[in-house]
Amino acid sequence: MKNSFYTMLAFLIGVLICLSIVGFLGESPMLFLRVMYEASFASYEEFSELLYIVIPLTLTGLSVSVAYKAGLFNIGAEGQLVVGAIAATAIGILIPAPAPFSILLAVSGSFLAGALWAFLPGYFRAYGGSHEVIHGIMMNFVAMALTGFITLYLLKDSGSPHPDTYAIRTSYEMSPFSWAGISIPKSAWIVSGALFSYVLISKFLTVGYLFKMTGLNIQAAAVYGLPVKKAQVFAMMLSGGIAGLVGSHEILCVTHRFRIGFSPEYGYVGIAIAMLSGGSTLGLLAAAGLFGVLQKGALALDLETDRITRDFGMVIQGILILATASGPALKRGVNSLKDWIELRSMRIKI
Amino acid sequence: MKADVSQDSSRSNEIPKLEFRSVTKKFGNFYANRQVSFKVNRGSIHAILGENGAGKSTAMKILYGMQAPDAGCLVLDGKEVRLRSPQDAIARGIGMIHQHFMLSEKDSALDNLILGSEPWSIIQGIERSQATQIFEDLCQKHALQVRYHERIERMSVGERQRIEILKAVYRKSEVLILDEPTAVLSPKEIVFLFEYLKALKAQGKTILIITHKLKEVLEHADAVTVLKNGTVSAAFKVGGLSFEDLAKAMIGRDWKPVQAEISDRKDLRPVLKVDKLTVTRGARYQALAGVSFQVCSGQIVGIAGVEGNGQGELLRSLTGLLKTNEKTQGLAQFLELDLLKSETQDILNKGMSYIPEDRQGCGLVLDATIEENLMLGQTGRYSWYGFIRSKWLRSAAKRVIHDFAIKPDQPDALLRAASGGNQQKVVFARELERSPKLLLIAQPTRGVDLGAVQVIHERILDAKQKGAAILLVSSELDELLSLADELYVMSEGRFVGHHVRGQFNMDNLAYQMGGIETTHSGARV
């Protein structure tokens, strides 16, 4: 409880720093706040659009968190989600299937593709001792090249001037449903399922225990016979699979076709979200929401203000990550200040 | 009983070499040192005694300038000093010999000795001949044998320690601080160390020894300050002091050592059979060179010896944890299971428990809760088709916490918050909870406070009563003498002695730990 208090305090300090920079640039902080707020919350439409950003961010944040639980750093979420998307697209174009089965097929296809893409970094880490970050980054490049090849040479829509594939069959399309005036993409169910599984695994299943022990002290886990190597590979694949689900969200709910470069680096932002979340599910949702608001607001800054561009969104993201991550340091600082005062008074008594 | 050293020094009317005045150091809400005051006389050996976590190390770090006190001050030669760094401390003649030696392995003893304060000339650079001369003088003066052209990595632990001490002397240290100096030495080397320290004392050096070994204090120190929970609990002159007095001041209650009976059970069934076991590391280095022994149910077999003589390799080969560059030969059998060809998981499932030497590194997961640690290696027992049986685990954890008097007593408390002794209790609780057929224990009481030592020793004997076969590896001879039924002495990968309870021979043991095989081992005391 106390920790989250200091994190909130640090976050507020970060916001104040952002506002003072805005003021320094000659723009009104109040205007800035209003633009940021209205970009996401002014109308039901804006809020629906926000959901389309928050859903993939939640998934990539979750993906990085799962690997992190087992002591691994999945920097390859970007590649895994692209591969997941191409898999969903290929299934959607090539396999004729009726509605509920088609969705199931595409979703599991994108999950499997992402998992397979994460298999190699996980396997090399567990059995070869090389670092998963190196392989993860390299697999990202391979993923870009591979999906580029598939898009341009195998599934290219000859009628389109853009680098994109044919559209998927209509039986694969998921149209949004509307609730209290907000249109919600059906991939919300995918996210809920993933979050539910995450809670189930980390709180109630022995697999979650295995991940946790492997992540916290792999040596002790190995001494007491836990299958740590399998755990590392499995955690990496699970992480990759969750990142792959972003692909099915994007293809089935949004674009209905694969377009090269569709992801505004969801995979990398997922790392920041996972770090901010502090390992809790609620924290994950909050962090993904925050980054959604920031990304959406940055676009509006371009239009609504004179002196601030969308690049300033990156500055805000950076400042807020730094500020929130320094929550524990803030706590230590406050505590040692208290100690110092207490000891001063003690010394006077001596 | 509580004699105050300050009275003695005022009687002799001499300014003490060193004085702590109400030194306080706080970490968070925890007082590592709380108003610690004591005086150390010039030309004396002064022991700082206390259990782990009593604040000894903090006090010495303050003295060596590694940490600044939050309140209070240090007085050196009657003048108040502020030490900002170890360099500061060295400049004022304070030298520290760390428990883990700070030597460069690949360089010669001479280079290590002069490192940082080399005799230097513009023409020649480092004046090696002059340095050699200085050292020959120093060694002659102290009647020491040091092979100063040898590389550190080829030296024994005792020799390394001598170089550390020489290093301090070379830097003109008047006060020498030794942190747990005997922890890694064989009995022979310990005797040698104290002879040397007494020679230094005769030259007027002041020596501070941090230790938790009562025997050393009684035999070698002139005065002792006992720390408990960060405060000075007692200060004594050593003459006429008894073991019981000191123990009581240190742990705050009477100390009863545990002593095993001579076991007269005749129906001993071998549980662990090891025959000509050899472990080769790399191309040809034999870390373990053909050891053979048996452990029967209801029997404790001890392995004595200075650390790093093959004990680690023996335990790793018995638990399926050998590194990839280590190869085995020979036989190791646990009931019908061939240990050398089995996976760790299978060995544990067969009924073996392992209490590793490095409990924080591989015995426990410090950032997990107590109950999660109790589940380590016993996932099958506390789960049902992949689901954790959390209620059952919780009740088992509560029972164990009560049984072993573990603190903190919440099952969901993080283990990092527990003391060394309580952490070790968790390891024992977990491993004994399974009623193992075979129990491998390495250094069970290292870094554990005396109160917990008693609990742990009782539990080991308890497990023996229940019929477990126990292999106990320890470098604490006293521990082995009080627990083991049979005792092997290990040196350089071989057994150099074998003793049976009732026929332990201290002299032979001491020789053998130094690697010397004696012909008539096991002669009656």
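Cut-off values and rules
- Residues numbered from 1 in each chain as written.
- Chains lettered and ligands numbered in written order.
- Predicted model: local features only at pLDDT ≥ 70, side-chain atom pairs only at ≥ 80, totals over all residues.
- Helix = DSSP H or I, 4+ residues; strand = E, 2+ residues; numbered from the N terminus.
- Rg over C-alpha atoms; globule rule 2.2 N^0.38 Å.
- Buried ≥ 20, exposed ≤ 12 C-beta atoms within 10 Å, placed from the backbone.
- Contact = placed C-beta atoms within 7 Å.
- Pairing = 2+ DSSP bridges.
- Axes fitted to C-alpha atoms, helices over the stretch in contact; angles between N-to-C directions.
- Domains from an automatic or database assignment.
- Nonpolar A, V, L, I, M, F, W, Y, C, P; charged D, E, K, R; others polar.
- Expected span 1.5 Å × (residues − 1).
- Arc of directions from axis to C-beta.
- pLDDT = per-residue confidence, 0-100.
- Parallel < 35°, antiparallel > 145°, perpendicular 65-115°, else oblique.
- Left-handed = near helix turned anticlockwise from the far one by under 90°.

J.: With reference to specific residues and values, describe the overall build of chain A.
T.: In terms of helices and strands, chain A carries 14 helices and two strands. Here the C-alpha atoms of chain A give a radius of gyration of 22 Å, agreeing with the 20 Å that 2.2 N^0.38 yields for 350 residues. Dimensions along the principal axes, computed over C-alpha positions, put chain A at roughly 85 × 60 × 35 Å. Out of the 350 residues in chain A, the part that is buried amounts to 45%. Counting only contacts in chain A whose residues sit at least 6 apart along the sequence, the fraction spanning at least 24 positions is 76%.

J.: If you had to explain the sheet that holds strand S6 (residues 94-97) of chain B to someone new, which residues and values would you point to?
T.: Residue and element names in this part refer to chain B. Pairing is mixed in the open sheet, where six strands are placed in the order S6-S9-S10-S3-S11-S12. With one partner strand each, in any of the chains shown, S6 and strand S12 (231-237) form the two edges of the open sheet. Neighbouring strand axes in the sheet, compared pairwise and without regard to direction, differ in orientation by 20° on average.

J.: Before we move on, could you go through the domain arrangement of chain A and cite the residues and values that matter?
T.: Residues and elements named next belong to chain A. According to the domain assignment, chain A contains domain 1 (1-27 + 306-330) and domain 2 (44-300). Of note, the centres of domain 1 and domain 2, computed from C-alpha atoms alone, are 28 Å apart. Contact with domain 1, which involves eight residues of that partner, is made by eight residues of domain 2. Per-class residue counts for the side of domain 1 that touches domain 2 are four nonpolar, three polar and one charged.

J.: Let's hear about the domain arrangement of chain B: which residues, and what values?
T.: Residues and elements named next belong to chain B. Here chain B is partitioned into domain 1 (5-93 + 174-251), domain 2 (105-172) and domain 3 (270-513). Centre-to-centre, using C-alpha coordinates, domain 1 lies 27 Å away from domain 2. Taken together, the 11 residues of domain 1 in the interface contact nine residues of domain 2. Each residue belonging to the side of domain 1 that touches domain 2 can be placed in one class, and the counts come to nine nonpolar, one polar and one charged.

J.: Which residues make up the sheet that holds strand S23 (residues 486-491) of chain B, and what values go with them?
T.: Residues and elements named next belong to chain B. Ordered by their spatial adjacency, six strands build an open sheet running S18-S21-S22-S15-S23-S24, and the pairing between neighbours is mixed. The open sheet is flanked by strand S18 (352-355) and strand S24 (494-500), the only strands paired with a single partner. The sheet shows a mean angle of 15° between the axes of neighbouring strands, taken without regard to direction. Two elements, strand S15 (residues 299-304) and strand S22 (residues 469-473), share five bridges in a ladder whose sense is parallel. When the bridges of S22 are listed, Ile 300 appears paired with Ile 470.

J.: Got a sec to walk through helix H18 (residues 506-513) of chain B? Specific residues and values, please.
T.: Along H18 of chain B, the residues classified as buried are Asn 508, Leu 509, Tyr 511, Gln 512 and Met 513 of chain B. Close packing links the buried residues of H18 of chain B with helix H7 (187-202), S15, helix H17 (477-483), S23 and S24 of chain B.

J.: Provide a residue-level description of the interface of chain B and chain A, including the pertinent values.
T.: Taken residue by residue, the interface counts 28 residues in chain B and 20 residues in chain A. Residue assignment for the side of chain B that touches chain A shows that the elements contributing at least two residues are strand S1 (18-27), helix H11 (344-349), helix H12 (359-363) and strand S20 (387-388) of chain B. Its residues assigned to classes, the side of chain B that touches chain A comprises 13 nonpolar, 11 polar and four charged.

J.: Describe the environment of Thr 182 of chain B, and please don't skip the residues or the numbers.
T.: Residues and elements named next belong to chain B. Tracing the sequence through the fold places Thr 182 in the loop between strand S9 (175-179) and H7. Owing to 19 C-beta atoms within 10 Å, Thr 182 belongs among the partly exposed residues under this scheme. Those residues in contact with Thr 182, other than ones at most four positions away along the chain, are Ile 190, Leu 193, Lys 213 and Glu 216.

J.: For helix H2 (residues 29-41) of chain A, give the residues involved together with the corresponding values.
T.: All names here are of chain A. In this model, H2 (13 residues) spans 18 Å end to end at C-alpha, consistent with the 18 Å of a helix rising 1.5 Å per residue. Of the positions making up H2, those classed as buried are Phe 32, Val 35, Met 36, Ala 39 and Ser 40. Angular distribution of buried residues about the axis of H2 spans 115°; they occupy a single face of the element.

J.: Talk me through the confidence of the model for chain B; I want residue IDs and the actual numbers.
T.: Residues and elements named next belong to chain B. Here chain B averages 83 in pLDDT, while 92% of its residues score no lower than 70. In this model residues 1-12 is a low-confidence stretch, pLDDT under 50, and it forms 17 contacts with partners more than four residues away in sequence or in other chains. Here residues 519-525 is modelled with pLDDT under 50, and outside its nearest four sequence neighbours on either side it reaches 13 contacts, counting other chains as well. As scored by the predictor, the complex reaches a pTM of 0.77 and an ipTM of 0.83.

J.: Describe the packing of helix H14 (residues 390-404) of chain B against helix H15 (residues 420-433) of chain B, listing the residues and the values that go with them.
T.: Between two packed helices, both the angle of their axes relative to each other and the distance between the axes serve to describe the pair. Residue and element names in this part refer to chain B. Running from amino to carboxyl end, H14 crosses H15 at an angle of 120°, the nearest separation of the two axes being 10 Å. Looking at the two axes, H14 sits oblique to H15. Our pair here, H14 against H15, has a crossing hand that is right-handed. Between H14 and H15, the residues in contact are Val 400, Asp 403 and Phe 404 and Lys 425, Ala 429 and Glu 433, respectively. The class makeup of the residues in the contact of H14 with H15 is three nonpolar, no polar and three charged.

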